[in-house]
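# Structural overview
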Amino acid sequence: MTRDPKHESAGYQPLRPQATGLGEFLAPVAGFGVTFAAMFKPVVTEDYPRKKEAPQSRYHGRHQLNRYADGLEKCIGCELCAWACPADAIYVEGASNADLPENAGAEPGALAADSPDGAHMSPGERYGRVYQINYLRCIFCGLCVEACPTRALTMTNDYELAGNSRAGMIFEKQDLLAPLTEGMLAAPHPMAEGTTDTDYYRGDVLGATQAQVDWVTERRPDDETLDAAAAVASGSRPGPAPRQHELRPDAGPGAAEKAAGEAAAGSVQAPSAQEPALDAAPEGAIR
Amino acid sequence: MNGVTWAAAGVAADFSNEPILASVVKAVLIVVFLLTSVLFAIWFERKVVAAMQLRPGPNWHGPKGLLQSLADAMKLLLKEDINVTRADRVVYLLAPMISVAASLLVFAVIPFGPAVTIPFTDFTTPAQLTDFPVAVLYILACASVGVYGIVLGGWSSGSTYPLLGAVRSTAQVISYELAMGLSLVSVFVMAGSMSTSQIVSSQTSIWWFIPLAPAFVVYVISMVGETNRLPFDLPEAEGELVSGYMTEYSSMKFAWFFLAEYINMLNVSAVCVTLFLGGWRAPVPDGFLGDFLNTGWLPIVWFLVKVWAVMFFFVWVRGTLLRLRYDQFMVFGWKVLIPVALGWVVVLGGVQWALNVAELPRSTFFYLAGGVVVLVLLPLMFWPEKRRRAQQEAEPEPIDAFADGYPVPPLPGQKLPASPRFGKEVAGHDS
């Protein structure tokens, strides 16, 4: 079959090289070869609920409020994230660390506002008492993360943000706060002795100190985080690594057996090793 | 009519000792086979199309998603049954039933295999519900009646899109059943019978799709048109007519149309296998391994393998081709398929006459045939191409690029003047 002269007169020039010989003869049915060959190619889709794949490490997922290595929160309740938010999705109420109920016994004026002593939720003067993000408004632009002066707010890879009620889609502080990793000491407790919030921000605090452990032991002797934090304080174990985001467990029929089979075959890496950690860089390092 | 006279009328299968009970059992088995095959066919189609599109397809319900179509059927059963107020109620309800009933009829005359002996007994019976001297005509009749379901369903819905779908379906069946019937005629000529069992037994030495290749191609194309499958699914064209004739149908009534469509696919596949692909005969030369491959229960396996190969072709076509435009579809049916089918029947008739009636020696016949072919091809080599070339070399008309004050594109045969920037050097560009 020769080229259609009608097209040539209109100045039509094919962009792709034209088949010749047998290829030209078979060109009208070449599509059948394409579809048949495609049957033997691997599928490109993900087996989503059964096997959850991590998105790219820069993915803008659910937010996380991070902690310093001794367990204090990074959020200082400054509301810059809320001001930066173009969708008005964030609501923050700050409060003074000195007003914590743990400090109620202290004489008025005994605790200076920026004193490292006394109970602290975060280093320095203030902490975020209320922190809400409305995920029905959030557009995941990340301007809040850029606005955060203490790098308290980052975004995780958690993309599974669906709910069955409007109220449930407003995530509270306890939903957003990064859980304590092994070796962190649960807040509230004093700042590490002789430090300022600037030292925290620079990353000079690498774990709980003995004074902090003693303070918590005195007030909350059955706190679950005490043992690991004491080990960090005494130097018998390294300081806690920042928490990395993990994908939620696979779902669906057969997923559990499949996962068990793969684990037995040794083909599955631990999720944390597999995933480029969102906040794996050393604390305070500029990314 | 008893079996002896049937045999005399050219029916190969022997139904002379067939008790009523055996026929009833066979009929039930055929219905069960068709219904389960439809469930499997839907899964098969979705899986194969998915593989062609690099995705896994249904994989959630049952092993490899095999129970997906069962779940879909349950869903349809439990859905609200909506009756359109403006519908012509009786016909509206009758239409899906006509479709299903007609589609279930065809397999009655399809031979699944030769005579089989029921295990642990000495009762031997053909693996076929029935057969008669005009069985293939009966198949064509059933297919035509099935279209009434589509046409009446579209008409009685009292809605625009279904009506358009029904009209298209009518036109489609008229144009493509002609071609289909004509392609089957050549099989009748070669087999000397319209009985399905006789046609299968006439393919002992060679399957008809080889000597009757043009008829086979016409049949394959028209069978896709007959079943409203892509690229000929114009009666239901989602992009144009919502769902065509079944737009106003919901729940079980819709499921019946759906069922009929897939049974029809199985029907035309089975007819294709029976008439062109050797029926239940093993895909090896006759006499290979003795009679073993072509007797007993094994031929049923060959039959099913072939039917599903044709079903795969259906899915393959669907995964590859786009829907035709309606006018192209009609032009293809009337100006290509029917003339080709008709011409082939004439050629075949001539050949049969020359070999069997005039009894020309083979060598004489081949010389004659070669001469005719050359005589036909010779003018073709000079004709259309040259004329078009001459036309094309005519000077392109001048174009008024700003006719009526607006920039306009060139019409066919016109050529744009060279751009004023053509040939100028581009500033800052070395080459």
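The rules behind each value
- Residues numbered from 1 in each chain as written.
- Chains lettered and ligands numbered in written order.
- Predicted model: local features only at pLDDT ≥ 70, side-chain atom pairs only at ≥ 80, totals over all residues.
- UniProt positions renumbered as here; feature names shortened; annotations may be inferred.
- Helix = DSSP H or I, 4+ residues; strand = E, 2+ residues; numbered from the N terminus.
- Buried ≥ 20, exposed ≤ 12 C-beta atoms within 10 Å, placed from the backbone.
- Contact = placed C-beta atoms within 7 Å.
- Pairing = 2+ DSSP bridges.
- Core = buried A, V, L, I, M, F, W, Y, C linked by C-beta atoms within 7 Å.
- pLDDT = per-residue confidence, 0-100.
- Arc of directions from axis to C-beta.

- Looking at an unreviewed UniProt entry, one finds chain B named NADH-quinone oxidoreductase subunit H, with Myceligenerans crystallogenes as its source organism.
- UniProt's Catalytic activity (unreviewed entry) comment on chain B is quoted here verbatim: "a quinone + NADH + 5 H(+)(in) = a quinol + NAD(+) + 4 H(+)(out)".
- Annotation of chain B in UniProt includes, under Subunit (unreviewed entry), the sentence "NDH-1 is composed of 14 different subunits. Subunits NuoA, H, J, K, L, M, N constitute the membrane sector of the complex."

- Chain A has the name NADH-quinone oxidoreductase subunit I in an unreviewed UniProt entry, where Myceligenerans crystallogenes is given as its organism.
- Under the Sequence similarities (unreviewed entry) heading, UniProt states for chain A: "Belongs to the complex I 23 kDa subunit family."

### Some details on the overall build of chain A
- Within chain A one finds 11 helices and five strands.
- Going through the 287 residues of chain A one by one, you find that 27% of them count as buried.
- Within chain A, counting contacts between residues at least 6 apart in sequence, those at least 24 apart form 78% of the total.

### A look at the sheet that holds strand E5 (residues 170–171) of chain A
- Strand order in the open sheet formed by three strands is E2-E3-E5 (chain A), with antiparallel pairing between adjacent strands. For this open sheet the edge positions go to strand E2 (90–96) and E5 of chain A, each flanked by a neighbour on one side alone.

### Points about the nonpolar core
- Counting 90 residues, the largest nonpolar core has Tyr219(B), Cys272(B) and Phe276(B) as the members making the most contacts within it.
- Of all the elements, helix H10 (residues 251–276) of chain B adds the most residues to this core, at 16 residues.
- Among residues more than four places away in sequence, those in contact with Tyr219(B) are Met180(B), Ser183(B), Leu184(B), Cys272(B) and Phe276(B).
- Cys81(A), Ala89(A), Cys148(A) and Trp215(A) belong to the second-largest nonpolar core, a separate cluster that totals 37 residues.

### Quick word on the UniProt feature "binding site: [4Fe-4S] cluster 2" (unreviewed entry) in chain A
All names here are of chain A.
- Look at the UniProt record and you will see "binding site: [4Fe-4S] cluster 2" (unreviewed entry) annotated at Cys85, Cys138, Cys141 and Cys144. For the residues just named, distributed over 60 residues, the greatest C-alpha separation is only 10.3 Å, placing them together at one site.
- With respect to the helices and strands, the residue cysteine 138 is situated in the loop between strand E3 (126–134) and helix H5 (143–147).
- Contacts of cysteine 138, omitting those with residues within four sequence positions, involve Ala87, Ala89 and Ile133.

### Digging into the confidence of the model for chain B
- Overall, the predicted model of chain B reaches an average pLDDT of 83, with 92% of residues at or above 70.
- Our summary of model confidence lists the complex with pTM equal to 0.72 and ipTM equal to 0.72.

### Structural notes on unusual backbone geometry
- Residue Pro188(A) is bonded to the preceding Ala187(A) through a cis peptide linkage, with omega at 0°.
- Mapped onto the fold, Pro188(A) is located in the loop between helix H6 (173–176) and helix H7 (197–202).
- Even without being a glycine, Arg151(A) presents a positive backbone phi close to 55°.
- Looking at the element boundaries, Arg151(A) is found in the loop between H5 and strand E4 (153–155).
- With phi around 55°, Ser251(B) is a residue other than glycine that occupies positive phi space.
- Note on placement: Ser251(B) falls in helix H10.

### Description of helix H8 (residues 210–219) of chain A
All names here are of chain A.
- Listed as buried for H8 are Gln212, Val213, Trp215 and Val216. Viewed end-on, H8 has its buried residues packed into an arc of 160°, placing them on one side of the element.
- Next to the buried residues of H8 lie helix H9 (226–233).

### Focus: the UniProt feature "binding site: [4Fe-4S] cluster 1" (unreviewed entry) in chain A
Residues and elements named next belong to chain A.
- The residues that UniProt annotates with the feature "binding site: [4Fe-4S] cluster 1" (unreviewed entry) are Cys75, Cys78, Cys81 and Cys148. In summary, the annotated positions, though distributed over 74 residues, converge in three dimensions, the widest C-alpha pair being only 10.4 Å.
- Tracing the chain through its elements places cysteine 78 in the loop between strand E1 (63–65) and helix H4 (80–84).
- Setting aside its immediate chain neighbours within four residues, cysteine 78 contacts Gly94 and Pro149.
- Within the element layout of this structure, cysteine 81 appears in helix H4.
- Excluding its chain neighbours within four sequence positions, the residues that come into contact with cysteine 81 are Ile90, Val92, Cys144, Ala147, Cys148 and Leu153.

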